[in-house]
Amino acid sequence: MDALFAWFQGLGSEASPLQVHEVAPATAAGAAGAGAEGAAIKMIPALSDNYMYLIVNNATKQAVAVDPVDSKKMLDCCTMLSVDLVAVLTTHYHSDHSGGNAALAAALPSLEVVAGEKDADRTPAVTRRVADEERCHWAGLQFRCLATPCHTRGHISYLLEGQSPGLFCGDTLFVAGCGRFMEGTSATMKASLSKFLTLPETTRIFCGHEYTVGNLEYALSLEPSNTLLKERLQEACEKRRQQLPTIPSTLAEELQQNPFLRAAQKGCSDEEMSQLRRGKDTFTTLGTVITWVLDVKSFFKPDG
Ligand SMILES: [Zn+2]
């Protein structure tokens, strides 16, 4: 959910128990190397529908956290797994993603806190600013930073490189959807999505929120007779009924089910992308209300 509503989401989530979901390894478990094959990825639900990620280098037992908004849960997870947290990767400044940075930096004085150069001034505790196409090593793992603005102007997606890469794409790309265009236009989102289209189809998509069911319902409303979308929606509903994440998907799956990514792939016009997003923004009553509040807010604070 957007930062504006982070306070609302946080209500009642303080005492929720630590839940850690294991992500199946990219290849043979425990394979060595600096890329995705040498890493174990854990997903930790936070707030009402955010996901935090912990990427562990199996060889060194060092770890990197992505958007660890709940610092206590993240520290408990590191203790439980006996790993050293060495870096925090922030996808964007919104408090439901960066809200744990300051507490983690206070608890771990040598922690590197990373953010995109254009969001860094608005992100707490940043020690390292990264630019588009910068390649970095954290915890002995190799990452490629991709500037993917639109939801915020400094949004960064982090690609854990390897044979089956992992893309930590925050609120730019969701399973079957994309983030609100809060600081960019439809052209900005098309350019950001086009960067993902250059990645291998085996890339696993680790996004910032559990929005899959609503996104698939919207996708199905655009193509009511698409049987694949119906199947995917049933699968997602079943997983959520069991309180399991619907994430990760793969880029190959998104190319089948994500209306925004598919439109970008087909070279849609700016106006078509804009209409697609507007349709999602007003697809539900709650979405319409949120859109209205954000429109009023941006009228008074055009840079916010
Ligand atoms: Zn968010």
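Residues numbered from 1 in each chain as written. Predicted model: local features only at pLDDT ≥ 70, side-chain atom pairs only at ≥ 80, totals over all residues. Heavy atoms only, no water.

- The name that an unreviewed UniProt entry assigns to the protein chain is hydroxyacylglutathione hydrolase, with the source organism given as Durusdinium trenchii.
- Comment text from UniProt for the protein chain, heading Sequence similarities (unreviewed entry), reads "Belongs to the metallo-beta-lactamase superfamily. Glyoxalase II family."
- Word for word, the UniProt comment on the protein chain under Cofactor (unreviewed entry) is "Zn(2+)". (UniProt positions renumbered as here; feature names shortened; annotations may be inferred.)

1. Looking at the sheet that holds strand β7 (residues 128-130)
Strand pairs in the sheet, formed through backbone hydrogen bonds, run parallel or antiparallel to each other.
1) Next: The seven strands are arranged β1-β2-β3-β4-β5-β6-β7 in an open sheet whose pairing can be described as mixed. Unpaired on one side and paired on the other, β1 (21-22) and β7 mark the two borders of the sheet.
2) Next: Pairing of strand β2 (residues 39-46) with strand β3 (residues 50-57), which is carried by eight bridges, proceeds in the antiparallel orientation. Residue pairing for β3: isoleucine 44 is matched across the bridge by methionine 52.
3) Next: Strand contacts of helix α2 (residues 71-81): β2, β3, β4 (62-66) and β5 (84-89), with the helix running at about 30 degrees to β3, the strand carrying the most contacts. (Pairing = 2+ DSSP bridges. Helix = DSSP H or I, 4+ residues; strand = E, 2+ residues; numbered from the N terminus. Contact = heavy atoms within 4.5 Å. Axes fitted to C-alpha atoms, helices over the stretch in contact; angles between N-to-C directions.)

2. Things to note about the coordination of the zinc ion
1) Next: Looking at the zinc ion, the protein donor atoms are Asp96 (OD), His97 (NE2), Asp171 (OD) and His209 (NE2), and they sit 2.0 to 2.5 Å from it.
2) Next: If you look at the zinc ion, its four donor atoms make angles of 86 to 166 degrees with each other, and the shape they trace is irregular.
3) Next: Motif for the zinc ion, donor spacing along one chain: D-H-x73-D-x37-H. Residue histidine 97 is located in helix α3 (residues 95-98), and its partner histidine 209 is located in the loop between β14 (204-207) and α6 (212-222); the two are separated by 112 residues in the primary sequence.
4) Next: The exposure class assigned to histidine 97 is buried, which follows from its relative accessible area of 0%. (Donors = N, O, S within 2.8 Å, 3.2 Å for Na, K, Ca; no water. Tetrahedral: all angles 85-135°; square planar, octahedral: opposite > 155°, others 65-115°. Buried < 20%, exposed > 50% of the residue type's maximum accessible area, 1.4 Å probe, protein only.)

3. Some points on the pairing of β2
1) Next: The buried count for β2 comes to eight of eight residues, which makes it a mostly enclosed element.
2) Next: Side chains Ala39, Ile41, Met43 and Pro45 of β2 all project onto a buried face; the interleaved residues Ala40, Lys42, Ile44 and Ala46 project onto the opposite face, where all are buried too.
3) Next: Sheet topology note: the β1/β2 ladder contains two bridges and is antiparallel. In the strand pairing of β2, glutamate 22 is matched with lysine 42.
4) Next: From the end of β2 to the start of β3, which pair antiparallel, there are three residues, and leucine 47 there has a positive phi angle of about 50 degrees.

4. Thoughts on the environment of serine 164
1) Next: For serine 164, the position within the fold is in the loop between β10 (156-160) and β11 (166-170).
2) Next: Accessibility expressed as a relative area gives 14% for serine 164, which makes it buried.
3) Next: Along the sequence, serine 164 and glutamate 37 sit 127 residues apart, while their C-alpha atoms lie 7.4 Å from each other.

5. Some points on the sheet that holds strand β15 (residues 249-250)
1) Next: Read across the open sheet, the six strands follow the order β8-β9-β10-β11-β14-β15; overall the sheet is mixed. Each edge of the open sheet carries a strand with a single partner, namely β8 (135-138) and β15.

6. What about the pairing of β8?
1) Next: Residues Cys136 and Trp138 of β8 are buried on one face, while the alternating residues Arg135 and His137, pointing to the opposite face, are not.
2) Next: Of the strand pairs in this sheet, β8 and strand β9 (residues 141-147) are connected by four bridges, and their pairing is antiparallel. Within β9, the position partnered with arginine 135 by the bridge is arginine 144.
3) Next: Taking the residues that link successive antiparallel strands as the turn, the β8-β9 hairpin has two residues, and the phi of alanine 139 there is positive, at about 55 degrees.

7. Side note on the packing of aromatic side chains
1) Next: Taken as a whole and assessed by the stated rule, the structure comprises nine aromatic pairs.
2) Next: A ring pair is formed by tyrosine 53 and phenylalanine 168, whose centres lie 5.3 Å apart and whose planes are at 70 degrees; its orientation type is edge-to-face. Of this pair, tyrosine 53 sits in strand β3 while phenylalanine 168 is found in strand β11, placing the two residues 115 residues apart along the sequence. Residue tyrosine 53 shares its accessibility class with phenylalanine 168, and that shared class is buried.
3) Next: With a centroid separation of 5.4 Å and 75 degrees between ring planes, the pair formed by tyrosine 53 and phenylalanine 206 is classed as edge-to-face. Linking tyrosine 53 in strand β3 with phenylalanine 206 in strand β14, this pair joins segments that are 153 residues apart in sequence. Of the two residues, tyrosine 53 and phenylalanine 206, neither departs from the other in class, the shared state being buried.
4) Next: One aromatic cluster in this structure is built from Tyr51, Tyr53, Phe168 and Phe206. (Phe/Tyr/Trp six-rings, centres within 6.5 Å; stacked < 30°, edge-to-face > 60°.)

8. Brief notes about the confidence of the model for the protein chain
1) Next: Of all residues in the protein chain, 89% attain a pLDDT of 70 or more, and the chain-wide mean is 91.
2) Next: This model gives residues 3-13 a pLDDT under 50, and the stretch forms 19 contacts once residues within four places in sequence are excluded. (pLDDT = per-residue confidence, 0-100.)

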